[in-house]
Amino acid sequence: MDITDKFGSAQRKFKQFAAQVGQLRIVPSDTGPTSSAQTARVAVVIPVFNAVPYLQVLLDSLAAQDLDPTLFEVIAVDDGSTDGGGQLLDIFAARHPNWRVIRQRNSGWPGKPRNVGIESSVSDYIFFCDADDIMGPESLRRMLDFADEHQVDVLAPRMVGIGGRGVNSTLFAKTLVDTPIRQIMATLTPQKLIRRELLAAHGIRFPLGKVRLEDGMMLARCYLSARRISILADYDYYFIRTRDNGTNISSQGTVPEKYTDSVLEIARIIKDTHPDAKHAELLVLDLYQRKLLRSYVPARFRGMSPRVRDRWVKAHARFVSQHIPLHLEEQLGFPFRQRSELVRGQDVEGLLRLAATEEALRPNCRAALPQPGGAELRVQLEPKAKFESAHLLARARGKDTQLLFELRPSNRDHVTHLPASELASLGKVIVDLYVQLRLDGIDGNPRRLLAPEEGLPAEFGGKRLYATVQGNLSLDQRN
């Protein structure tokens, strides 16, 4: 039975269970130390608030861990659930002596229950897990073995998105024993294995209260204090979910000013903690791009009301004035530099015009099947726009070399000639094809040229033209 089937089964069973339980009065309680309290190497800390029916699947995945139960404990902190989740936790704790349930009145946010979990264990490591996610059955054992072998302070395991949740798959492409801090800062979610000694030595805890990005504040302090940070990518360790009912905290509406204040706090932590001021600036620039400039994704920004747009721009302009000098802004690429320049000037109308330009610079670019023996390649752009220029880029895969060919408008398509002699100058390599467009004085990012929907592989200039696994067009010149 796969993960989807297990979730569906758990959902059906728990709807019946929750109907029987109803709305129960929350009474603070604690099942007490687990049978593994003194021997556990890792404590799995779970803040729980109204996570039914997802909670059942997570608990099943923890019960299925292949690590010796004496070497780990599960500490679930029920933050005032009213959906029967607390009773489900009690059922699992009764079955598994290495599980502990602490019930408290609702604090309104995950920070306090996570801190309670930290204080309730003495294990060497702590792993923070959310109540609606899933862990692979070998996860705890593999993470513990790796952390022990390499003396890791913070370990980021490979994550897989489910339920439409996006994950930075590039970050988890390969295992890195020593991960540069600029790279690891791309993940500020709490699902990490963290050495307790690190938390104790630096007094690191989650902020209390309803603070957006509280996990980012805590993780930033961990990263900046750690001796070794690793990425472990040899297994699907953690399945992170977007709830289909949209109740993830990350899915809830945000207040522009408060969200920006949280990003400002992370920037302060970085600058106050990092010993290299120049490197700290770059970390803040990355944070700004990821957490604030994403607000201007065209569909998202244009979908806001005029009042909300104004609030976001004013809040972000405050961040720019404090942390983004011009020399940093110049290091941003398209469209982030253009967005930042307009935010600096609080130019909302300019940001709307930029949004329209960004969308126009991202058409679907699909090649037509070339004529046998010809050197002409036709490209269809949908939706159409009147571009200031259009070029085809032929890039040698794995090398820093490329050729540029003009794409000229021709009836409904754009057309270019790719002489075999010029392509041969790239060497006996795979050549990947891209389209680059210019509009309103802005050069868009190169976009991969999609392959024709049928008719490939084919010969082009005596070489093999084919579609990649992702459906993009490439030329094989290796023979």
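Here the residue numbers are simple positions, counted from 1 along each chain's written sequence. A pLDDT threshold of at least 70 governs which residues receive local features in this predicted model, and a stricter bar of 80 or more applies before side-chain atom pairs are shown or counted, although totals over entire chains, interfaces and linings include all residues. The side-chain values count all of the structure's non-hydrogen atoms but skip hydrogen atoms and water molecules.

(A) Local environment of helix 9 (residues 256–273). In this text, helices come from DSSP runs of H or I with a minimum length of four residues, and strands from runs of E with a minimum of two, each type numbered from the N-terminal end. One less than the number of residues in a helix, times 1.5 Å, gives the span that helix is expected to have. For helix 9, which comprises 18 residues, the first-to-last C-alpha distance of 26 Å matches the rise-based estimate of 26 Å (1.5 Å per residue) to within 8%. Residues Pro256, Tyr259, Thr260, Ser262, Val263, Leu264, Ile266, Ala267, Ile269 and Ile270 constitute the buried set of helix 9. Here, two residues are considered to be in contact whenever any of their heavy atoms come within 4.5 Å of each other. Where helix 9 is buried, its residues contact helix 8 (214–225), helix 10 (277–291) and helix 12 (306–323). Three labels apply to residues, based on accessible area from a 1.4 Å probe with only protein chains included: buried if under 20% of the type maximum, exposed if over 50%, partly exposed otherwise in between.

(B) Representation of the sheet that holds strand 11 (residues 238–241). In this scheme, strands are said to pair when DSSP sees at least two bridges between them. Within the open sheet, the three strands sit side by side as 6-11-8. Their pairing is mixed. A single partner strand is all that each edge strand has here, and the edge strands are strand 6 (134–135) and strand 8 (159–162). Here two bridges tie strand 6 to strand 11, and the two strands are oriented antiparallel to one another. If you follow Ile134 over to strand 11, its bridge partner there is Phe239.

(C) Structural detail: the packing of aromatic side chains. Aromatic pairing here means that ring centres of Phe, Tyr or Trp (its six-membered ring) are within 6.5 Å. Orientation follows from the plane angle: under 30 degrees is stacked, over 60 is edge-to-face, and everything else is tilted. Applying the stated rule across the entire model yields seven aromatic pairs. With centroids separated by 5.4 Å and ring planes inclined at 20°, the aromatic side chains of Phe92 and Trp99 adopt a geometry described as stacked. According to the relative accessible area criterion, Trp99 is buried, its value standing at 6%. Across from the ring centre of Phe92, 5.4 Å away, lies the NZ or CZ of Arg95, which sits over that ring. One Lys or Arg, Arg309, reaches over the ring of Phe301 and ends 5.8 Å from the middle of that ring. Any Lys NZ or Arg CZ that is within 6 Å of a ring centre and within 35 degrees of that ring's normal is treated as a charge sitting over the ring.

(D) Region of the structure containing the pairing of strand 3 (residues 72–79). For strand 3, the tally of buried residues reaches eight of eight residues, placing the bulk of the element in the interior. Both faces of strand 3 are covered, namely the face carrying Phe72, Val74, Ala76 and Asp78 and the face carrying Glu73, Ile75, Val77 and Asp79. Bridge count for strand 2 (residues 42–48) against strand 3 is seven bridges, and the pairing is parallel. Note on strand 3: the bridge partner recorded for Val48 is Asp78.

(E) Seen up close, helix 5 (residues 139–150). For helix 5, spanning 12 residues, the distance from its first C-alpha to its last is 17 Å, which sits close to the expected 16 Å at 1.5 Å a residue. Those residues of helix 5 lying buried are Ser139, Leu140, Met143, Leu144, Phe146, Ala147 and His150. Along the axis of helix 5, the buried positions cluster into a sector of 165°, meaning they face one direction only. In the stretch just after helix 5, Gln151 is the one whose phi turns positive, near 50°. Within this analysis, the arc is defined by the directions that extend from the helix axis to the C-beta atoms.

(F) Spotlight on the side chain of Ser295. Tracing the backbone shows Ser295 in the loop between helix 10 and helix 11 (298–302). With residues near it in sequence (within four places) discarded, Ser295 still touches Arg300, Phe301, Met304, Trp312 and His316.

(G) Spatial organisation of the pattern of salt bridges. Whenever Lys or Arg places a side-chain nitrogen within 4 Å of a carboxyl oxygen from Asp or Glu, that contact is recorded as a salt bridge. Scanning the entire structure with this criterion turns up 34 salt bridges. A salt bridge links Arg438 to Asp443, with the shortest nitrogen-to-oxygen separation between them at 3.0 Å. Taking the relative accessible area as the measure of exposure, Asp443 reaches 39% and is therefore partly exposed. Through salt bridges with shared partners, a single ionic network connects Asp66, Glu138, Arg141, Arg142 and Asp234.

(H) Region of the structure containing the confidence of the model for the chain. Within a predicted model, pLDDT stands for the predictor's per-residue confidence, ranging from 0 to 100. Averaged over the chain, the pLDDT score is 92; the fraction of residues at 70 or greater is 92%. For residues 14–24, every residue scores under 50 in pLDDT, and the model assigns this stretch 17 contacts once sequence neighbours within four places are set aside.

(I) Quick peek at the packing of helix 14 (residues 336–344) against helix 15 (residues 348–360). Their axes nearest at 9 Å, the elements helix 14 and helix 15 cross at an angle of 165°. One element, helix 14, and the other, helix 15, form an angle in the roughly antiparallel class. Here helix 14 and helix 15 pass one another in a crossing that is left-handed. Counted together, Gln338, Arg339, Leu342 and Val343 of helix 14 and Gly350, Leu351, Leu354 and Glu358 of helix 15 form the full contact between these two elements. Nonpolar residues are Ala, Val, Leu, Ile, Met, Phe, Trp, Tyr, Cys and Pro. Charged residues are Asp, Glu, Lys and Arg, and all others, Gly as well, are polar. Class assignment for the residues of the contact of helix 14 with helix 15 results in four nonpolar, two polar and two charged. Convention adopted: a line fitted to C-alpha atoms gives each axis, helices being fitted over their contacting stretch, and angles between N-to-C directions are expressed from 0 to 180 degrees. Each angle is binned into one of four classes, with values under 35 degrees roughly parallel, values over 145 roughly antiparallel, values of 65 to 115 roughly perpendicular, and all other values oblique. Definitions for this section: a left-handed crossing has its near helix turned counterclockwise from the far helix by less than a right angle. A right-handed crossing has that turn clockwise.

(J) Representation of the nonpolar core in the model. Counting residues in each nonpolar core, the largest one holds 131 residues, and the members touching the most others are Ile46, Tyr288 and Leu449. Each residue touching Tyr288, except ones within four places of it in the same chain, is listed here: Leu293, Phe319, Val320, Ile324, Leu332, Ser340 and Val343. Side-chain atoms within 4.5 Å are what join buried Ala, Val, Leu, Ile, Met, Phe, Trp, Tyr and Cys residues into a set we call a nonpolar core.

(K) Structural context of the sheet that holds strand 12 (residues 364–367). The strand order across the open sheet formed by four strands is 12-13-17-16, and the pairing between neighbours is antiparallel. Strands at the two margins of the open sheet, each flanked by one partner only, are strand 12 and strand 16 (408–410). Strand-to-strand twist in this sheet, taken as the mean axis angle between neighbours without regard to direction, amounts to 35°. Sheet topology places strand 13 (residues 376–382) next to strand 17 (residues 413–417); four bridges connect them, and they run antiparallel. Following the sheet pairing, Arg378 is matched in strand 17 by Val415.

(L) Local environment of unusual backbone geometry. With an omega of 5°, the peptide bond running from Val52 to Pro53 counts as cis. Note that Pro53 resides in the loop between strand 2 and helix 2 (54–63). With an omega dihedral of -5°, the bond running from Glu382 to Pro383 counts as a cis peptide bond. Counting through the fold element by element, Pro383 comes out in the loop between strand 13 and strand 14 (389–396). Backbone geometry places Asp440, a non-glycine residue, at a positive phi of 55°.

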